[in-house]
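Chain residues, written in single-letter form:
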Amino acid sequence: MIKSWVRQNRGFVVFLLLFGVFRTAVADWNPIPSGSMRPSLLEGDVVFVNRLAYNIKIPLTDLVLARTGEPQRGDVVTFSSPADGRRLIKRIVALPGDTVQMQGRRLIINGQAAQYRFDGWKSETDPAGRSSPALTVQEAFDARRHQIEWAVNRAIAPDFGPMTIPPDQYLVLGDNRDNSADSRFFGLVGRERLIGRAERILVSAAILDHWQPRLSRFWASLQ
């Protein structure tokens, strides 16, 4: 019965196989389930992921056939967690050969401190409906600038370093610096674990507001 169905729907089966290969080797989308990348990414965003940004891999594996580009500081990337293999999304902060440390929430890379500019206050609501204040801050390094969040009523992330990043390893952090499980907890991310570079928000809906579309975020590029 199954063989008969496959014969009758051969074209559809081929389409599904090609679509699967496309998603696992060329381009993909990634829903954002948590607030670890606020304010850059919000729960309910769905981002477009370029899987060919850094590597060509055998589909469904981490086996790299060829390198297509070099990850850059500030890239937002998806990767397989070194801790448990889950797919995560964070920002690359330190590259191979960098010496990096964090002191009082502030990054210092190769002896140069990142620049910070206060942007404003905001109220964040967690999945349980509780609100808490947060600071929105511009973080700039190497002429790249993006927004991060610092919590107000929460213990700040611990200092670390200095540490030098080995070859083909990357230090990644969430933009929501006091509410992100990242390299400070599971360690560095090997290049072979990188899935791709997140480049745009495809669509977005407010999870806590009855999934109302956030039209202003549709097709927005990522800093």
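Above this note sits the structure.
Computed from a predicted model, the values in this text were never measured in an experiment.

Novice: Looking at this structure, I do not really get the overall build of the protein chain. What am I missing?
Specialist: The helix and strand inventory of the protein chain stands at three helices and 18 strands. Residues classed as buried in the protein chain amount to 46% of the 223 residues present. Across the protein chain, the fraction of contacts at a sequence separation of at least 24, relative to all contacts at a separation of at least 6, is 56%. Summing over all exposed atoms, the protein chain offers an accessible surface of approximately 12,000 Å²; the carbon and sulfur share of this is 58%.

Novice: What am I meant to see in the environment of Ile195 here?
Specialist: For Ile195, the position within the fold is in strand β16 (residues 194–206). A residue is classified by how much of its surface remains accessible, and Ile195, at 13% relative accessible area, is buried. Distance from Ile195 to Val49, taken between C-alpha atoms, is 8.3 Å for residues 146 residues apart in sequence. Those residues in contact with Ile195 that lie beyond four places of it in its chain are Arg51, Lys57, Thr78, Phe79, Ser80 and Arg87.

Novice: I keep staring at the packing of aromatic side chains and nothing clicks. Help me out?
Specialist: Think of a pair of aromatic rings as described by two things: how far the centres are apart, and how the planes are tilted against each other in angle. According to the stated counting rule, one finds three aromatic pairs in the structure shown. Look at Tyr116 and Trp150: their rings are 5.5 Å apart centre to centre, the planes differ by 40°, and that puts the pair in the tilted class. Highlighted residues: Tyr116 in strand β10 (residues 115–125) and Trp150 in strand β12 (residues 144–151), separated in sequence by 34 residues. Judged on exposure class, the residue Tyr116 and its partner Trp150 are both buried. Aromatic pair Phe118 and Trp121: ring centres 6.3 Å apart, planes at 70°, arrangement edge-to-face.

About the thresholds
- Residues numbered from 1 in each chain as written.
- Predicted model: local features only at pLDDT ≥ 70, side-chain atom pairs only at ≥ 80, totals over all residues.
- Heavy atoms only, no water.
- Helix = DSSP H or I, 4+ residues; strand = E, 2+ residues; numbered from the N terminus.
- Buried < 20%, exposed > 50% of the residue type's maximum accessible area, 1.4 Å probe, protein only.
- Contact = heavy atoms within 4.5 Å.
- Areas by Shrake-Rupley, 256 points an atom, 1.4 Å probe, with all protein chains shown as cover.
- Phe/Tyr/Trp six-rings, centres within 6.5 Å; stacked < 30°, edge-to-face > 60°.

By themselves these figures say nothing about function.
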